[in-house]
Amino acid sequence: MTRIARLGRCGVLVLTGVIGAWLGMATAQAEDANKADIDALRKSLDKYQDYTAAIRDLYLSTVGCVHYTGEKILGAMDYPKGAMGIHFVNVPSVGQKLDPMRPNVLIYEPTKEGLRLVAVEWLVPLTPDTKEPPKLLGQTFQGPMEGHYPLIPKEFVHYDLHAWLFKENPNGMFSPTNPNVECSNAEFPMLEKPTKMMPGPM
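Because the structure is predicted, anything quoted here is derived from the model rather than measured.

Our focus in this paragraph is the overall build of the protein. Along its length, the protein carries two helices and nine strands. The linear arrangement of helices and strands in the protein, starting from the amino end, is α-α-β-β-β-β-β-β-β-β-β. Buried residues in the protein amount to 37% of all 202 residues. Pairs at least 24 residues apart make up 62% of the contacts formed inside the protein by residues separated by at least 6 positions. Within the structure as shown, the protein displays about 11,600 Å² of accessible surface, and the carbon and sulfur contribution to it stands at 60%.

What follows deals with the pairing of strand β4 (residues 114–125). Residues in a regular strand project their side chains so that they alternate between the two faces of the sheet. With seven bridges joining them, strand β3 (residues 105–111) and β4 adopt antiparallel strand pairing. Bridging across to β4, Pro110 finds its partner in Leu115. The antiparallel hairpin formed by β3 and β4 contains two residues in its connecting segment. Sheet topology places β4 next to strand β8 (residues 158–163); six bridges connect them, and they run antiparallel. Residue pairing in the sheet places Trp122 in a bridge with Leu161 of β8.

Turning to the confidence of the model for the protein, a few remarks are in order. Looking at the protein as a whole, the pLDDT averages 87, with 84% of positions reaching at least 70. Here residues 4–8 scores under 50 on pLDDT; set against residues more than four positions off or in separate chains, the count is one contact. Within the model, the stretch residues 10–31 combines pLDDT values under 50 with zero contacts to residues more than four positions away or in other chains.

For the rest of this paragraph, the subject is the sheet that holds strand β7 (residues 142–145). Spatially, seven strands are ordered β7-β8-β4-β3-β2-β1-β9 in an open sheet, and the strand pairing comes out mixed. At either margin of the open sheet sits one strand with a lone partner, and together these are β7 and β9 (189–191). Between one strand axis and the next, the sheet turns through 35° on average, direction left out of account. Inspection of the sheet shows strand β2 (residues 82–89) paired to β3 by four bridges, in the antiparallel sense. Its bridge partner being in β3, Phe88 is matched across the sheet by Leu106.

Time to look at the pattern of salt bridges. Per the stated rule, a full pass over the model turns up six salt bridges. In this structure, Arg42 and Asp39 form a salt bridge, with 3.2 Å as the shortest nitrogen-oxygen distance. Within this pair, Arg42 and its partner Asp39 are both found in helix α1 (residues 3–45), separated by three residues, close to a single helical turn. You can call Arg42 partly exposed: its relative accessible area is 25%. Overall, the relative accessible area of 34% leaves Asp39 in the partly exposed class. Among the ionic contacts, a cluster of salt bridges with common partners joins Lys35, Asp39 and Arg42.

A word on unusual backbone geometry. Going from Gly143 to Pro144, the amide bond is cis rather than trans, its omega being 5°. Position of Pro144 among the secondary structure elements: in strand β7. Cis geometry marks the peptide bond from Tyr149 to Pro150, where omega comes out at 10°. Positionally, Pro150 belongs in the loop between β7 and β8. Despite not being glycine, Leu58 has its phi angle at roughly 70°, a positive value. Secondary-structure assignment places Leu58 in the loop between α2 (51–56) and β1 (60–68). Phi is positive for Leu137, which is not a glycine, with a value near 55°.

To continue, consider the packing of aromatic side chains. This structure, assessed with the given rule, holds four aromatic pairs. Judged by centre distance (6.4 Å) and plane angle (65°), the rings of Tyr51 and Phe88 are edge-to-face. On the criterion of sequence distance, the pair formed by Tyr51 in helix α2 and Phe88 in strand β2 is long-range, its members being 37 residues apart. Residue class for Tyr51 comes out partly exposed when judged on its relative accessible area of 35%. Through pairs of rings, three or more aromatic residues link up here, namely Tyr51, Phe88 and Tyr108. Over the ring of Tyr149 we find Lys154, and its NZ or CZ is 5.4 Å from the ring centre.

Conventions adopted
Residues numbered from 1 in each chain as written. Predicted model: local features only at pLDDT ≥ 70, side-chain atom pairs only at ≥ 80, totals over all residues. Heavy atoms only, no water. Helix = DSSP H or I, 4+ residues; strand = E, 2+ residues; numbered from the N terminus. Buried < 20%, exposed > 50% of the residue type's maximum accessible area, 1.4 Å probe, protein only. Contact = heavy atoms within 4.5 Å. Areas by Shrake-Rupley, 256 points an atom, 1.4 Å probe, with all protein chains shown as cover. Pairing = 2+ DSSP bridges. pLDDT = per-residue confidence, 0-100. Axes fitted to C-alpha atoms, helices over the stretch in contact; angles between N-to-C directions. Salt bridge = Lys/Arg side-chain N within 4 Å of Asp/Glu carboxyl O. Phe/Tyr/Trp six-rings, centres within 6.5 Å; stacked < 30°, edge-to-face > 60°. Lys NZ or Arg CZ within 6 Å of the ring centre and 35° of its normal.

The following block contains the structure:
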C-alpha cells in the first residue's frame, strides 16, 4: 500500500470515527432533551393523581376500563396483551395545536384504593391537510386508525401516542398497552378488539 493510500485510509477512518462520535452525542443530547421534557410533563400532571382535579379541568371519564387479549388481526393495530385503563378525555383540546405539556387524555387504573393515574395520551385527528404522522417527545404517533368504538365513534379517524409516565411498562414507555395494568377492579371492564387501521400518511 502506498503512503498516499495509507493516508487516505487513515483519513476515512478518522472521519468515520468523528461522524460516529457526533451521531452518538446527538442521540444522547436528544434523549436528554426528551427526558427533561418527560420529567417536566410528569411534574406538571402530578395534581391529576386526584381524578377530581382532572374532572374540574374538563377531563371527563369514558367509564370503561379498556383491555386487550393481544389478538392480532390483519389490517388492525397491534396491541400487545394488557390494558390501557379508564380514559378521561378533554374533548375541547382535541383538534387543537399539539401541546406536549397538555395531553388530550389522562388514563387511570382502577385499584382497591381508587383510581390511580398511570398514563397520558395525545390524539390528533386525520385531516386533508395531514402530510405526515405527528411526532412528540421523539416518538412518531401510531395510526391513522378508526375511533375506539364504542367509547369513541369509528368515524373519528386519528393518530395517537401513549406515555406511561406513572407506571412502569415492560413493553416501553410509549407502548399503547401495559401488561402491568389491570381492569379486574373496574366497575365496567371493557375488552376491545384491535382498532382498524385507516389509509393515510404513516
